[in-house]
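# Report on the structure
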Amino acid sequence: MKTTLKLFNLLFVLLAFVACSDDDDDGPILIAVESNTASNIPAPQTGGFGQGEVGGPFTKFSFATGTVTDSDTEWDIAFRGLRIAVNGGAETGTNDEPTRNGNAGAAIVDGTFASVDSADGLTFAQDATGAFAVPAGSDNGWYNYNPMINVVTPLAGKILVFRTHDGKFAKVEILSYYRDAPTDITPEIANNDFRFYTFNYIYNPNEGETTLTAN
Amino acid sequence: MNLNKVSGLFGLIFFLEFGIHAQTEEENRDSIPLENLDEVVVTATRTIRQLSSLPLPVTLIPKKQIKRSGLTRLNEILNEQTGIVMTPDITIGGGEGVQIQGIASDYVLVLIDGVPVVGRSSGNLDLSRFAVGNIQQIEVVKGPSSALFGSEALGGVINIITEKPSSDKISGQVTHRSATFNNQNTTVNIDQQIGKLGYSIFLDRLSTDGYDLTNGDEAQTINPFFNYTFNGRLFLDVSDKLRFFSSGRYFLQDFDVPSGTSEERDANVQLRVDHEISRKSHFEYELYYTNYVTNEQTVDPIDNEILLDNDFDQQLFRPEIRLNTSFTANNTLTLGGGYNFESLDRSLFAEQVTFDSQYVFAQYDFKPFEWLNVIVGARFDNHSEYNSQLSPKISLRYAITPNLAFKGSVGSGFKAPDFRQLYLDFTNALGGGYSVFGKEVEVQGMQRLIANDEIITDSNGNLILPVPFEQLGDPLNAESSIGYNLGFVYKQGDFRGEVNAYRNDFTDLIDTSILATKRNGANVFGYVNRESVYTQGLEVDLQYRFLKNLNLSAGYQLLYAFDKNIEDELDENGGFVRDPQTLETVRIGRDEYFGLENRSRHTLNVKAFYEIPKWTANANLRIIYRSKFGLTDINGNGYLDDFDDSFVDGFALVNLSFGKTFLKHYEVQLGANNLFDFRGENPFSTADNQIQVNPGIQLFGRLNIQF
């Protein structure tokens, strides 16, 4: 597992500083909005598919650090198999879920990654008894499962916008559910290398800022 | 009865389905050159009509073409006809379905001697079940024909007409054909007409080792199988005015699957009485019973535990009465009515289910002017489980000149919701735990899941139901279509050309929708009327008898087939796909929408049949082409688009055969299907798992002995 950070917008940072000093504005100094890719976030689970009840710990992820975390509080979203939990709301009732102690939420917006440029005006759902904020099931939330070829494909045009546990915003486009995000998912890969999330995300670390573009 | 005394259509109608021998007496109705008199069909109007005089598109496949081609099964011969395509199922090795004017197999009615066959697997009727060794001709009416035939006749009707005995001596033939893949086909035909009594016996046995299209796995695509077809028929002409016909057919097929059994049985019994009550009126009484059974069992190869037991037992009993009345030679009124009793007993259903339906139909075929033929008709179907249907149709033929005619027809078709869509109660325990409920059982099914606390709830404990509970169980409508056909026929000497533009608009197609989500993440599916699709295009058929013994023909079909809802959505909002390389979402529009699965924009056939009487020999060459088609949406956006990596490239198959008769009674035939050994590549192939589109060249030899 690795998390790669790609700095896209050094220029933006510089401009922001320049703008502030030039205009003698007393607005906050904005921290850079970064475009990143998280690769191969493992999402193991036990059980399921006729092997007993689904269980096992969720893999927790923090947008602020851009990494997987073991923290019980400083996490935003978490993965187990096809389920994505948010650190906000209540446990849905499955085994081994992490305690929700933040104010995270999720919204699903239709568009390309670039076209979803703000979290403004969105309604954020939180995890609740019996239902994840990102709905479970094929074609309901973020993926399509094709039983004919046994492949999970992220739904095109479904951009996940998250409110983080501490009230900031991020958008996510899941690219793959398979190790190393292969373009060609062979039956071999479909049967062995699943439950590895790769996604693009943009996180706005500025309190109260809803902008989700990195330029 | 002295046929010479009977004039016009009246005489012909009397011989409905026996009339093949009566045509020479019929000259009033159409001024057709003598050599074309054998081209009569019964399916288009349920009366005997000259093929060339019909106002609607009909393909006739005569016995001679079937024999000369050396093909033995219905699917093989149909695939060589213009605008008829046998399409592979998405699951490799699944059944092939017939497609007419771009309309899928589910919506094509198949008849034997005018009565429907049953036994579809997921809507698809396996046409390789039907041996073609005892048939007189195959008639294919294109476009909706529910005005005469009711449910399922949306895309068209395929009617297999069996042969009638012609000689008072016992005549018969024994044929054996051997082909690649150890394909062994033996056929015995015996028939005789003794005075008023005629009989005909047909036996067919086919066995093969099957073949494999996938080289990377252990399983075989088509497992070895054998099947038997038995058909016995009796003809009794009590008097000129009263005739009996009865037929019994039995088919048994057994697949040699690695662990378990897979068996299929199909039985049909038909009894028909033709009664001429006056010179102008003629009744037909028909009783029909059919039973289709499959038993499928998969056992664990280690401990012989039964893993899957899937049985299917469908029955149809149908009495029908028809009356044909001719007021004059050129107008005929056809009236009919019947009752369908259907039942299905299936492992995946809670209990045996039954359908009852009653129907009446009327058709008036007339010539208001010498140059104009009009046929109007309608049928009313009343059904125990869904809304009743009225299916009208009008067709006309306008003879512009003696050689050129305009043909046009508008008709409606429908397909009743099938047993599966009404009664399925299925939970896939092995494949993720999803459930599917038919319309009639979805309320109970959902109640059961809710009671077991399997359905997700929101934070307040309320059920999350995409379809409100009160709306569950609302009846399904029949799937319906309107078809338009407009064309011209031109005949000049030995040339015949036909152009037909078609459009079929389908509404209320039944699709699955999500009723709820279970706590395990799997969905609960139900059936809804949702989709609207259309197919449109052009068919061109050209035939030319070049020299005396060389028949050339060419056929072409242009096809556009799209889902209207998807088109509208793409026009309005655009759509999304994942770029297969970057995996990121990109926006697409209407232009990237490829259309419905399994449809080729262009299909083409070219055929040459050559007879050499001096050598009592014949030869033929047939080339069948279909352009690129897509198998399935693979990138998960719900439709086939240019980014889907699931296209099969266009390909042509070349088939040929040679035949020679020795000592009058012996005919030897040699041939090859897929002469150039086309194998193709299935888009689901991977580096270590190559999947072919076609098993490759199939050579055959056939010996036919007549006695």
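What you see is a predicted model; the values in this text were computed from it and never measured. (Residues numbered from 1 in each chain as written. Chains lettered and ligands numbered in written order. Predicted model: local features only at pLDDT ≥ 70, side-chain atom pairs only at ≥ 80, totals over all residues. Heavy atoms only, no water.)

### Section: the overall build of chain A
As a reminder, the rule being used: By the criteria applied, helices consist of DSSP H or I runs no shorter than four residues and strands consist of E runs no shorter than two, each listed in order from the N terminus. The classification of residues rests on relative accessible area computed with a 1.4 Å probe and restricted to protein chains. Under 20% of the type maximum is buried, over 50% is exposed, and intermediate values are partly exposed. Throughout, a contact is declared for two residues whenever any of their heavy atoms are within 4.5 Å. Here the open area of atoms and residues is found with the Shrake-Rupley method and a 1.4 Å probe, where only the protein chains shown may cover a residue.
When its secondary structure is counted, chain A shows two helices and 12 strands. In chain A, the succession of helices and strands from N to C terminus is β-α-β-β-β-β-β-β-β-β-β-β-α-β. Buried positions account for 53% of the 215 residues belonging to chain A. Across chain A, every contact between residues at least 6 apart in sequence was considered, and the portion connecting residues at least 24 apart equals 62%. Total accessible area on chain A is roughly 9600 Å²; 53% of this is exposed by carbon and sulfur atoms.

### Thoughts on the overall build of chain B
Note the cut-off: Within these notes, the globule rule equals 2.2 Å times the number of residues to the 0.38 power, and the radius of gyration is based on C-alpha atoms.
Across its full length, chain B carries seven helices and 37 strands. A globule of 707 residues ought to have a C-alpha radius of gyration of about 27 Å, and chain B, at 26 Å, matches this closely. Principal-axis analysis of the C-alpha atoms gives chain B an extent of 85 × 50 × 50 Å. Per-residue burial over chain B gives 54% buried out of 707 residues. A sequence separation of at least 24 residues applies to 61% of the contacts in chain B between residues at least 6 apart. As presented, chain B carries roughly 29200 Å² of accessible surface, and 56% of it is formed by carbon and sulfur atoms.

### Notes on the sheet that holds strand β5 (residues 77-80) of chain A
All names here are of chain A. Put simply, the rule reads: DSSP bridges decide pairing: two strands pair if at least two such bridges lie between them. Here an angle of 0 to 180 degrees is reported between the N-to-C directions of two axes, which are lines fitted to C-alpha atoms, with helices fitted over the stretch in contact.
Taking strand neighbours across the sheet as the criterion, the four strands line up as β4-β3-β5-β6 in an open arrangement whose pairing is antiparallel. Each edge of the open sheet is held by one strand with a lone partner, namely β4 (67-69) and β6 (83-86). Shown here is a sheet whose adjacent strand axes are inclined to one another by a mean of 35°, direction ignored. Two strands pair when backbone bridges link them, and strand β3 (residues 59-62) and β5 are joined in this way by three bridges, in the antiparallel orientation. Residue pairing across strands places Thr-59 opposite Phe-79, the latter belonging to β5.

### Some thoughts on the nonpolar core
The following threshold applies: The term nonpolar core refers to a set of buried residues drawn from Ala, Val, Leu, Ile, Met, Phe, Trp, Tyr and Cys, joined through side-chain atoms within 4.5 Å.
Ranked by size, the top nonpolar core spans 31 residues in total, and within it Ile-84, Trp-142, Phe-162, Tyr-197 and Phe-199 of chain A carry the most contacts. Of all the secondary-structure elements, those providing two or more residues to this core are β2 (34-42), β5, β6, β9 (151-154), β10 (158-163), β11 (169-178), α2 (187-192) and β12 (194-204) of chain A. It is β11 of chain A that provides the largest number of residues to this core, a total of five residues. Membership of the second largest hydrophobic core comes to 28 residues, among which are Phe-312, Leu-316, Leu-424 and Val-467 of chain B.

### Section: the interface of chain A and chain B
Quick reminder of the rule: Here's the idea: put two parts together, see how much 1.4 Å probe accessible area each one loses, and the total over both is what we call buried area. Any Lys or Arg side-chain nitrogen found within 4 Å of a carboxyl oxygen on Asp or Glu counts as a salt bridge. Nonpolar residues are Ala, Val, Leu, Ile, Met, Phe, Trp, Tyr, Cys and Pro. Charged residues are Asp, Glu, Lys and Arg, and all others, Gly as well, are polar.
Opposite the 33 residues of chain A that make contact, chain B presents 30 residues. If you sort the residues of chain A by the area they bury against chain B, Ala-156, Leu-175 and Thr-183 of chain A come out on top, with a joint share of 18%. The tally of links between chain A and chain B comes to one salt bridge. Residue Glu-173 of chain A is joined to Arg-578 of chain B by a salt bridge in which the shortest nitrogen-to-oxygen separation is 3.8 Å. Contributing elements (two or more residues each) for the side of chain A that touches chain B: β8 (143-146), β9 and β11 of chain A. Counting residues per element, the side of chain A that touches chain B draws most heavily on β11 of chain A, which supplies four residues. Split by residue class, the side of chain A that touches chain B holds 14 nonpolar, 16 polar and three charged.

### What to know about the sheet that holds strand β6 (residues 108-112) of chain B
All names here are of chain B. Taken in spatial order, the five strands of this open sheet run β3-β8-β9-β6-β7, and their pairing is mixed. Edge positions in the open sheet fall to β3 (58-62) and β7 (115-116), since each of these has one partner strand only. Bridge count between β6 and strand β9 (residues 156-162): five bridges; the pairing is parallel. From the neighbouring strand, Val-110 faces β9, where its bridge partner is Ile-158.

### Examining empty space enclosed by the protein
Residues and elements named next belong to chain B. How we decide: Within this scheme a cavity is a closed region of a 1 Å grid, computed over the protein atoms alone, that accommodates a 1.4 Å probe without allowing it to escape, whereas a pocket is open but has protein on both sides within 12 Å along at least five of seven lines; lining residues each have an atom within 4 Å of a point. Grid points are joined across faces, edges and corners, and a volume is the space filled by probe spheres set on the points.
Under the criterion given, the structure shown has nine cavities of 30 Å³ or more. Its boundaries defined by the atoms lining it, the largest cavity holds a volume of some 250 Å³. Lining the largest cavity are 19 residues, with Lys-67, Val-132, Gly-133, Thr-187 and Arg-702 sitting closest to its centre. Mapped by element, the contributors of at least two residues to the lining of the largest cavity are α2 (63-69), β10 (171-179), β11 (183-194) and β37 (698-706). The greatest single-element share of the lining of the largest cavity, amounting to four residues, is contributed by β10. Of the residues contributing to the lining of the largest cavity, the split by class is four nonpolar, nine polar and six charged.

### Looking at a nonpolar patch on the surface
Residue and element names in this part refer to chain B. Applicable threshold: The patches reported here contain residues having more than 30% relative accessible area and no salt bridge. Joining distances are 9 Å for like charges and 5 Å for nonpolar side chains (Val, Leu, Ile, Met, Phe, Trp, Tyr).
Taken together, the side chains of Val-269, Leu-271, Leu-287, Tyr-289, Phe-317 and Phe-341 make up a nonpolar region of the molecular surface, amounting to roughly 480 Å² of accessible area. Listing elements by their share of the nonpolar patch, those giving two or more residues are β15 (260-276) and β16 (281-299). Relative to the assigned elements, Leu-287 resides in strand β16. A relative accessible area of 39% places Leu-287 in the partly exposed class.

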